[in-house]
Amino acid sequence: MKAVFIVEGLKDREQIQKAFEGNEDVITLVTEGTKINNRIRLQIEYYLVRHVDVYILSDPDEAGGQLADMIQSWYPVIPRIEVDIEECGYFTGKRKKAGIEYSSYKYLKKLLSPYLGLEYVEEESPICWD
């Protein structure tokens with residue numbers, strides 16, 4: 001099942017593509033921050049008209065919330081996927097950042113698989129013998 005995820009940046013797209021190993025059912029639209037231009041709106045409408053599920057996958061911060069609010073003001077049917085800030089956090093040495101681009105592949109697979117109609121199966125760690 002195809003699904004479209006609206007993300008804020010190219011690094012977010014890259015992380016998702018790597019997590020799903022280029023699965024063609026995983027489609028990302030990049031807003032390039034908190035801006036929505038006509039190109040993005042046309043792409044959103046393209047998928048909505050074709051009955052492809054569209055989701056907002058924005059960072060768990062103020063800017064991500066603003067982006068979600070803006071998209072939902074035009075397209076109230078598009079839900080925002082809740083992201084665990086602890087799963088996508090990164091400490092720079094001075095402050096903590098949070099973003100989809102910092103999420104592990106494992107977390108992204110676990111988070112997004114249900115939206116793609118996939119069953120997430122946690123991989124077991126290999127046994128190491130000393």
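Because the structure is a prediction, the values reported are computed rather than measured.

Rules used in this analysis
- Residues numbered from 1 in each chain as written.
- Predicted model: local features only at pLDDT ≥ 70, side-chain atom pairs only at ≥ 80, totals over all residues.
- Heavy atoms only, no water.
- Helix = DSSP H or I, 4+ residues; strand = E, 2+ residues; numbered from the N terminus.
- Rg over C-alpha atoms; globule rule 2.2 N^0.38 Å.
- Salt bridge = Lys/Arg side-chain N within 4 Å of Asp/Glu carboxyl O.
- Buried < 20%, exposed > 50% of the residue type's maximum accessible area, 1.4 Å probe, protein only.
- Pairing = 2+ DSSP bridges.
- Axes fitted to C-alpha atoms, helices over the stretch in contact; angles between N-to-C directions.

## Let's talk about the overall build of the protein chain
And then number 1: Within the protein chain, the regular secondary structure consists of 4 helices and 5 strands.
And then number 2: Listed by position from the N terminus, the elements making up the protein chain come as β-α-β-α-β-α-β-β-α.
And then number 3: Against the 2.2 N^0.38 benchmark of 14 Å for 130 residues, the protein chain shows a C-alpha radius of gyration of 16 Å, consistent with a compact globule.
And then number 4: A principal-axis box enclosing the C-alpha atoms of the protein chain has dimensions of 60 × 40 × 20 Å.

## Thoughts on the pattern of salt bridges
And then number 1: All chains considered together, the criterion is met by 2 salt bridges.
And then number 2: Salt-bridge contacts for Lys18 lead to Glu14; the nearest nitrogen and oxygen are separated by 3.5 Å. With Lys18 and Glu14 both in helix H1 (residues 10-19), this residue pair falls 4 residues apart, about one helical turn.
And then number 3: Its relative accessible area of 44% is what places Lys18 among the partly exposed residues.
And then number 4: Ionic pairing is found between Arg39 and Glu32, a salt bridge with its closest N-O pair at 3.9 Å.

## Let's talk about the sheet that holds strand S2 (residues 26-30)
And then number 1: Ordered by their spatial adjacency, 3 strands build an open sheet running S2-S1-S3, and the pairing between neighbours is parallel. Each edge of the open sheet is held by one strand with a lone partner, namely S2 and strand S3 (53-56). Shown here is a sheet whose adjacent strand axes are inclined to one another by a mean of 25°, direction ignored.
And then number 2: Looking at chain direction, strand S1 (residues 3-7) and S2 are connected through 5 bridges and run parallel. Note that in S2 the partner of Ala3 across the bridge is Val26.

## Focus on unusual backbone geometry
And then number 1: Within the chain, Glu21 stands out as a residue other than glycine whose phi angle is a positive 50°.
And then number 2: Structurally, the position occupied by Glu21 is in the loop between H1 and S2.
And then number 3: Accessibility expressed as a relative area gives 70% for Glu21, which makes it exposed.
And then number 4: The backbone phi angle of His51 is positive, close to 60°, even though this residue is not glycine.
And then number 5: Relative to the elements of secondary structure, His51 occurs in the loop between helix H2 (38-49) and S3.

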